[in-house]
Amino acid sequence: MLHFSHAKTAFVLGICLLGILLSIPNFMRPGTLPYWVPQPRVNLGLDLQGGSYLLLEIDMNSVVKERIAGARAAVAETLHKAKVPFTSVVADKQSVTLTTADAAGLETARQAIRDVLSERVDGKSRALVFDTATNANSLTLTLNPQAVVDLASKAVEQSISIVRRRIDETGVNEPVVARQGQNRVIVELPGVSDPDRIKRLLGSTAKMTFRLVAPQGTAAGPDVELLPMANRADGAEKLPVRRHVEVDGMNLTRATAAMDRRTNGWVVDFGLDSIGTRHFADTSTRHVGEPFAIVLDSKVISAPVIREPIIGGQGQISGNFSVEEANDLAVLLRAGALPAPLTIVEERTVGPSLGADAIRAGLYSIVAGFTLVVAFMIATYGRFGLFAAAALVVNLALTLAGLSMMGATLTLPGMAGILLALGMAVDANILINERTREELRKKNGVIASIETGFRRAYTTITDANATTLIKMLILFIVGVGAIRGFAVTISLGIIVSMFTAIVLVRMLTAWWLKRTRPKALTIGTRLRFFPDHTAIPFMRARYSGLIVSALISLASVGLALHPGLKMGIDFAGGVVIEAKTPAAADAPVLQSALMNAGLGPVQVQRFGADNDVLLRFEHPQGTPEAQQAAIANARQQVEKAAPCAEIRRVEVVGPSVGAELLSDGLWALGLAAIAMFAYITFRFEWPFAVGAVLTMFLDLTKTVGFLALTGFEFNLTSIAAILTIMGFSINDKVVVYDRVRENLVKSKREPLRDVIDRSINETLSRTIGTSLALFLSIAPLALFGGPALREFALTLLFGLVLATSSSIFIAAPILLNIGERYLRRGRAAPAEIKPGAGPALAPLKRA
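Please read all numbers here as calculations on a predicted model, not as lab measurements. Numbering of residues starts from 1 in every chain and runs along the sequence as written. In view of the model being predicted, local features appear only for residues whose pLDDT reaches at least 70, and side-chain atom pairs are presented and counted only at 80 or more, with totals across whole chains, interfaces and linings using the full set of residues. For side-chain calculations, the full set of non-hydrogen atoms in the structure is used, while hydrogens and water are omitted.

A few points about the overall build of the protein chain
- Secondary structure is summarised from DSSP: a helix means a run of H or I of at least four residues, a strand means a run of E of at least two, and numbering begins at the N terminus for each. When helices and strands are tallied, the protein chain shows 23 helices and 25 strands.
- Categorising residues by exposure relies on relative accessible area from a 1.4 Å probe, with only protein chains included: less than 20% of the type maximum marks a residue as buried, more than 50% marks it as exposed, and the intermediate range marks it as partly exposed. Of all 847 residues assigned to the protein chain, the portion counted as buried reaches 51%.
- Within the protein chain, counting contacts between residues at least 6 apart in sequence, those at least 24 apart form 75% of the total.
- The accessible surface values rely on the Shrake-Rupley method and a 1.4 Å probe; as for residues, cover is taken only from the protein chains in view. Per element, the accessible surface of the protein chain, about 38800 Å² overall, is 60% carbon and sulfur. Should any heavy atoms of two residues lie within 4.5 Å, those residues are counted as being in contact.

What to know about the sheet that holds strand 17 (residues 314-321)
- Strands pair, by our definition, only if DSSP identifies at least two bridges between them. Taken together, three strands build an open sheet; the order of strands is 13-14-17 and the sheet is antiparallel. Lying at the two open borders of the sheet, with one neighbouring strand each, are strand 13 (252-260) and strand 17. Ignoring which end each strand starts from, the neighbouring axes of this sheet average 25° apart.
- On top of the sheet, helix 9 (residues 323-335) reaches strand 13, strand 14 (265-272) and strand 17; it is set at about 170° to strand 13, its chief contact. The axes used here are C-alpha line fits, helices contributing only the stretch in contact, and every angle between their N-to-C directions lies in the interval 0 to 180 degrees.

Comments concerning the pairing of strand 13
- Here strand 13 runs beside strand 14; their pairing, made up of eight bridges, is antiparallel. Looking at strand 14, one finds that Arg 254 is bridged to Gly 271.
- The loop that links strand 13 with its antiparallel partner strand 14 comprises four residues; one of these, Asn 264, has a positive phi angle of about 60°.

Quick look at the pairing of strand 7 (residues 176-180)
- Where strand 7 meets strand 8 (residues 184-190), five bridges bridge the pair, whose relative direction is antiparallel. Residue pairing across strands places Gln 180 opposite Arg 184, the latter belonging to strand 8.
- Between the end of strand 7 and the start of strand 8, which pair antiparallel, lie three residues, with Gly 181 showing a positive phi angle near 70°.

Some words on the environment of Phe 677
- Its place among the elements puts Phe 677 in helix 19 (residues 655-683).
- Measuring from C-alpha to C-alpha, the distance between Phe 677 and Ala 692 comes to 7.6 Å, with 15 residues separating the pair along the chain.
- Residues within four places of Phe 677 in sequence aside, it is in contact with Ala 689, Val 690 and Val 693.

Thoughts on the nonpolar core
- Note on terminology: a nonpolar core comprises buried Ala, Val, Leu, Ile, Met, Phe, Trp, Tyr and Cys residues joined through side-chain atoms within 4.5 Å. One finds Phe 688, Phe 728 and Ile 756 to be the most contacted residues of the largest nonpolar core, which totals 140 residues.
- Counting residues in each nonpolar core, the second largest holds 48 residues, with Ile 58, Ile 68, Ile 160 and Ile 344 among its members.

Comments concerning the sheet that holds strand 23 (residues 612-617)
- The strand order 7-8-2-18-24-21-23-22 describes an open sheet built from eight strands, whose pairing is antiparallel. Each edge of the sheet is formed by a strand with only one pairing partner; in this case those strands are strand 7 and strand 22 (602-606). Mean inter-strand twist for the sheet, computed between neighbouring axes without regard to direction, equals 20°.
- Of the strand pairs in this sheet, strand 2 (residues 51-58) and strand 18 (residues 342-350) are connected by eight bridges, and their pairing is antiparallel.

Brief notes about the side chain of Arg 648
- The residue Arg 648 is located in strand 24 (residues 646-653) in this model.
- Polar contact criterion, stated in full: a pair of N or O atoms within 3.5 Å, where within protein one must be able to donate a hydrogen and the other to accept it, and residues adjacent in sequence count only if both atoms are side-chain atoms. Only 2.4 Å separates the side chain of Arg 648 from the side chain of Asp 357, close enough to count as a polar contact.
- The contacts of Arg 648, once residues within four sequence positions are left out, are Thr 349, Val 350, Gly 351, Ser 353, Leu 354, Asp 357, Glu 578, Ala 579, Lys 580 and Asp 612.

Observations concerning unusual backbone geometry
- A cis amide bond links His 562 to the next residue, Pro 563, at an omega of 5°.
- Considering the arrangement of structural elements, one finds Pro 563 in helix 15 (residues 542-564).
- Phi is positive for Ala 206, close to 60°, though the residue is something other than glycine.
- A relative accessible area of 4% means that Ala 206 is categorised as buried.
- With a phi close to 45°, Arg 517 is a non-glycine residue in the positive phi region.
- Relative to the helices and strands, Arg 517 is located in the loop between helix 14 (482-516) and helix 15.
- Residue classification places Arg 517 among the exposed positions, given a relative accessible area of 62%.

Quick notes on empty space enclosed by the protein
- Grid spacing is 1 Å over the protein atoms alone, the probe is 1.4 Å, and a cavity is where that probe fits but cannot get out, while a pocket is an open set with protein on both sides within 12 Å along at least five of seven lines and lining residues have an atom within 4 Å of a point. Grid points are joined across faces, edges and corners, and a volume is the space filled by probe spheres set on the points. Inspection of the entire model under this criterion finds six cavities of 30 Å³ or more.
- Lining the largest cavity are 17 residues, and of these Phe 728, Asn 731, Arg 766, Thr 770 and Leu 774 lie nearest its centre.
- Residue polarity follows a fixed list, in which Ala, Val, Leu, Ile, Met, Phe, Trp, Tyr, Cys and Pro are nonpolar, Asp, Glu, Lys and Arg are charged, and the others, Gly among them, are polar. Each residue belonging to the lining of the largest cavity can be placed in one class, and the counts come to seven nonpolar, seven polar and three charged.
- The calculated volume of the second largest cavity comes to roughly 120 Å³.
- In terms of residues, the lining of the second largest cavity owes the most to one element, helix 12 (residues 412-441), which gives four residues.
- Residue classes in the lining of the second largest cavity are distributed as three nonpolar, two polar and seven charged.

Quick look at the pattern of salt bridges
- When a carboxyl oxygen of Asp or Glu lies within 4 Å of a side-chain nitrogen of Lys or Arg, that pair is called a salt bridge. Enumeration according to the criterion identifies 38 salt bridges in this entry.
- Here Arg 683 ties to Asp 463 by a salt bridge, and the two come within 2.6 Å at their closest N and O atoms. Of the two residues, Arg 683 sits in helix 19 while Asp 463 sits in helix 13 (residues 446-478), which places them 220 residues apart along the sequence.
- We classify Arg 683 as partly exposed; its relative accessible area is 27%.
- On the accessibility criterion, Asp 463 (1% relative accessible area) is buried.
- Of the charged contacts, one joins Glu 820 and Arg 542 as a salt bridge, the two residues approaching to 3.7 Å between their closest N and O atoms. On the criterion of sequence distance, the pair formed by Glu 820 in helix 23 (residues 786-822) and Arg 542 in helix 15 is long-range, its members being 278 residues apart.
- A relative accessible area of 42% places Glu 820 in the partly exposed class.

Focus: the packing of helix 11 (residues 383-406) against helix 12
- Where helix 11 meets helix 12, the closest approach of the two axes is 10 Å, and the angle between their N-to-C directions is 145°. For helix 11 against helix 12, the interelement crossing comes out right-handed. In this structure, helix 11 contributes Phe 384, Ala 388, Leu 392, Asn 395, Leu 396 and Leu 403 to the contact, and helix 12 contributes Ile 418, Leu 422, Ala 425, Val 426, Asn 429 and Asn 433.
- Grouping the amino acids of the contact of helix 11 with helix 12 by side-chain chemistry returns nine nonpolar, three polar and no charged. Here a crossing is taken to be left-handed if its near helix is turned anticlockwise relative to the far helix by less than a right angle, and right-handed if that turn runs clockwise.

A few points about the packing of helix 11 against helix 14
- Two numbers describe how helix 11 lies on helix 14: the axes approach to 8 Å, and their chain directions differ by 140°. With respect to helix 14, the axis of helix 11 lies oblique. Of the two elements, helix 11 crosses helix 14, and the hand of that crossing is right-handed.
- Looking at the contact of helix 11 with helix 14 residue by residue, the class counts come to 18 nonpolar, eight polar and one charged. Any angle that falls under 35 degrees is termed roughly parallel, while one over 145 is termed roughly antiparallel, one within 65 to 115 roughly perpendicular, and all others oblique.

With respect to a nonpolar patch on the surface
- What goes into a patch is any residue over 30% in relative accessible area without a salt bridge, connected to like charges within 9 Å or, for nonpolar side chains (Val, Leu, Ile, Met, Phe, Trp, Tyr), within 5 Å. Residues Leu 17, Ile 20, Leu 21 and Ile 24 make up a contiguous nonpolar surface patch of about 340 Å² in total accessible area.
- Looking at the secondary structure, you find Ile 20 in helix 1 (residues 6-23).
- On the basis of relative accessible area, Ile 20 is assigned to the partly exposed category, the value being 34%.

Spelled out as structure tokens, the structure:
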């Protein structure tokens, strides 16, 4: 195991060198290196560089409604062309009902509309199917459920393409437009701290049509609808417009903003393709002297009278536009119409100064945590601590290289994940060093002790890392945005640590052994945080530990119910505005200003410096336009109440999104518990799994109680913290359980109580050492991480203490109570040996 061939050595060093080289561009300014040198970089998240995040939801009701309206028109037109008499064709929410005078006519109509029934959505599922429950003289065509799914998929794909074109027209650098779920689209806009114009562009479907105007006084009906004029905000003036579309906006080939020399006003000039030109010419020839309405998103922009036939395919849209409005309309028309309206259900905006502060806080935390962990390892293990420190440097380089090659986005929680992964990485070195110390005490020889230490620690390291990776996978699946970044960085750091902490450290150790060939060896220094040889009878207090733990958990549940958890915006929904005022913030003035603006109850909270203030209020009601207007008004009121105030962050989460995020978070916790039970049952036995999962559940309740007691917000970051604490808890149990399993095989006649006590004592130095290393890596987050990470870090520190103590006082007693019946079942207690008598033997059957 300690022999490394030249090829293997070159391979290991090559990976380390490659990782260091690939990580270097992240510390250099773009353009410093020659263009031909590969320069993979980690992308900074919006919370670090500033920008806006929008989650858009497609209005599927509009998609279905339009599809049904089209089906109704197609059925009626088909029957007219086939000269099949019918009484009515009526559209419902998801169906079209055709009625004829008699059953014979119904059968004729059924045969005539076969082509309508054969139509498929995007070449996939059939759009309409016959409803089996029909009357004698009527039949119903219902939208196929699979067609609804296909319609949603098609609408999302079209929306992504159109949204991307609209954003590209505005000049935003490197925007991200991606699909989320069945009917949502994510938009990330780096560097855009005021996305109002983008929201206006995305909030309009830009569905433009040219239709004839019905005579004044015509009532709304199947062929006519009353549409408001766009220049009247109150919508009082409405125009009767025919539903039939003469020319569709899809036939536009050109749209540009221009100045009209006659009126000195801004207009939009447009051009049509050959099909649109022909339709425009036909309509304008047949309807000279009639008004021709230009309709955009169900509002009439203008309705000029056709003076003469227009056959050139060129036109002009006027509507008292400002220069910005004309340019925006041209952008919308060039990008194309959305298949359905998009509603902003979640919005997060971070200003550039807040992003710079976040980068600074993250770097301070990583440097301080890395330094403390390295100092701890060297102070505790001396030369072998130096080997671990070298492995940590390479681990950091390989992690950055991996993130760069993946094109990953680094967020502030992601930086916390890197630091936490470094603390977890030294756990492997602590396990190896402590195991080697035990072997050295047995006088097995230097090389044999080191080889045995690496070999026996490997299984424990693999089990501990596997449980953490499972939980991070679950967090990645259910998490969003920055929380996913946290899961990715921890997972990558743990995978890299399996190489650096085991392979690289073993190679460094082999080099040292080959050069020095020591006859004797001592692992570590005189600095010991816990005695090496302990014989503490922990199991004497097994019942008292369980009782105290149960009482604390019950009290925690009570605190969670009353006064309850302080739900963050992620789960409760609402609006949060973070502002930095020039002088000390006047909370009552800000609160009064927002409440007088009609935004309902407003919470004002100071944090950080005296001029940092957090404003929170409920999500505005009404139409999407009214909601966006209310949010814009809130920003204006803050700037008015505190002149020169800087809006550093705005977060808007709709109620539906908040409920979904809470449900996903709870699912993550449940799935993690099930996954841990399954894994430990597979790797150990079910009594071990019961003990670990029950303890993990008790740790979870205490963490929830801690959040309720401190008033920390319960949000997605809290879910990430709880899952990480569950990882701490399971990892420590795995180490103790692995030693219990090993000692059960060695000491088949020893009472289980003594086996567990001995196993805890043998792993106590590792438990204390790993907890200290993790504490040193997390503490800088609480000190330098700023408000965004302070609560997260303090929750982790509480969970770390909880997980360390629960392994001894909860998990071990549960295992003892269950194991006395199942793990030692069929084994007789050791008989008392009388003087002169041989040892009594008992059957040694495993359960």
